[in-house]
Amino acid sequence: MQKLEQLYEGKAKRVYATDDPALLIVDYKDDATAFNGAKKGSIAGKGIINNQMSNRLMHRLEQAGIPTHFVQELSERETLVKRVEIVPLEVIVRNLAAGSFSKRYGIEEGTPFEAPTIEFSYKNDALGDPLINDSQLLAIRLAKEDELETINRYSFRVNELLRAFWAECGVTLVDFKLEFGRLADGTVILADEISPDTCRLWDSATGKKLDKDRFRRDLGGVEDAYAEIMRRLCEHDR
Ligand code: UDP
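Calculation criteria
- Residues numbered from 1 in each chain as written.
- Predicted model: local features only at pLDDT ≥ 70, side-chain atom pairs only at ≥ 80, totals over all residues.
- Heavy atoms only, no water.
- Core = buried A, V, L, I, M, F, W, Y, C linked by side-chain atoms within 4.5 Å.
- Buried < 20%, exposed > 50% of the residue type's maximum accessible area, 1.4 Å probe, protein only.
- Helix = DSSP H or I, 4+ residues; strand = E, 2+ residues; numbered from the N terminus.
- Contact = heavy atoms within 4.5 Å.
- Pairing = 2+ DSSP bridges.
- Expected span 1.5 Å × (residues − 1).
- Arc of directions from axis to C-beta.
- Salt bridge = Lys/Arg side-chain N within 4 Å of Asp/Glu carboxyl O.

Asker: So what exactly am I meant to see when it comes to the nonpolar core here?
Answerer: The tendency in soluble globular proteins is for nonpolar side chains to be buried side by side. Trp166, Leu190 and Ile194 are the most contacted members of the largest nonpolar core, which has 45 residues in total. At the level of secondary structure, the elements contributing two or more residues to this core comprise strand 4 (31-34), helix 1 (46-63), strand 9 (89-96), helix 4 (145-168), strand 12 (171-182), strand 13 (188-191), strand 14 (199-203) and helix 6 (222-236). Looking at which element gives the most residues to this core, the answer is helix 4, with seven residues. When residues no more than four places from it in sequence are discounted, the contact partners of Leu190 are Met58, Leu61, Ile66, Pro67, Thr68, His69, Val158, Leu178, Glu179 and Phe180. Listed in part, the five residues of the second largest apolar core include Val15, Leu24, Tyr28 and Val81.

Dropping the structure here:
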């Protein structure tokens, strides 16, 4: 597989063309941003951890019947993925109140929910990724009705699978963000990444935050937390 020209550089990843038009190479960086790019920094080794963690989790999801873009890990930081057209939505699933949810509704962080919730943001940096509801996202044609149904179904299933898996590792899956994409034939599959950058992961025993909130909130021990969560995953996923 030949790595060709860079197609895109995002906040945490670069994307390259390959000699197969249906496949891309993703290259994970150590760069970290928060608050829509207002806070910038770097987390040493993050790219390696996010690459490897995302691949392991996507592989497990795939085995459990969720189609994903994952094809093959090529190196510490590089992965071969299926080319998709990204559905411009950030899909957020929550099990406990935290972050923007806690702020918006005045609910203390860590408050468990009666049932998991789902919400959507319109992926648009210039607008600051505004929240959008089902009827609105259908109205402006961000997704079709059947695609939205698939995204909802997959997202709650991913939550069940990941929550159970992280529980085995002694970790509480508080919330996470997913992105979906369309293959050339229109099939909707899971894309982007699943990592401590995109999930809130708390030690089940101590409540210690083992995710990007350590960076966002200047809690210190960022690199150690990423290494710790990766170690937890590896111990349970041999
Ligand atoms: N999230 C993400 N990218 C974003 C916004 C949120 O990966 O642009 C993840 C975040 O890591 C958390 C979940 O989505 O696991 C819910 O985030 P929230 O809406 O609470 O936003 P935040 O408080 O991070 O601004």
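Asker: What should I look at first to understand the pairing of strand 6 (residues 70-73) in this one?
Answerer: Strand residues, when the strand is regular, have side chains that alternate between the two faces of the sheet. As paired strands, strand 6 and strand 7 (residues 78-82) are joined by three bridges and run antiparallel to one another. Across the sheet, residue Phe70 finds its bridge partner in strand 7, namely Val81. Between strand 6 and strand 7, which pair antiparallel in sequence order, lie four residues.

Asker: I tried to follow helix 4 on my own but got confused; where do I start?
Answerer: One turn of an α-helix holds 3.6 residues; hence residues three or four places apart share an orientation. Here helix 4 spans 35 Å end to end across 24 residues, near enough to the 34 Å set by a 1.5 Å rise per residue. The complete set of buried residues in helix 4 reads Glu147, Leu148, Thr150, Ile151, Asn152, Tyr154, Ser155, Val158, Asn159, Leu162, Phe165 and Trp166.

Asker: What exactly am I supposed to notice about helix 6 here?
Answerer: With 15 residues, helix 6 ought to run about 21 Å at 1.5 Å a step, and its terminal C-alpha atoms sit 22 Å apart, in line with that. Within helix 6, the full set of buried residues consists of Val222, Ala225, Tyr226, Ile229, Met230, Arg232 and Leu233. Around the axis of helix 6, the buried residues are gathered within 155° of arc, so they sit on the same side. Contact partners of the buried residues in helix 6: helix 1, helix 4, strand 12, strand 14 and helix 5 (213-216).

Asker: Can you help me understand the pattern of salt bridges in this one?
Answerer: Two side chains carrying opposite charge are able to pair once their charged atoms lie near each other. Taken as a whole and assessed by the stated rule, the structure comprises 31 salt bridges. The partner of Asp203 in a salt bridge is Arg232, with the nearest N and O atoms 2.3 Å apart. Of this pair, Asp203 sits in strand 14 while Arg232 sits in helix 6, and the two are 29 residues apart along the sequence. In terms of burial, Asp203 and Arg232 fall into one category: buried.

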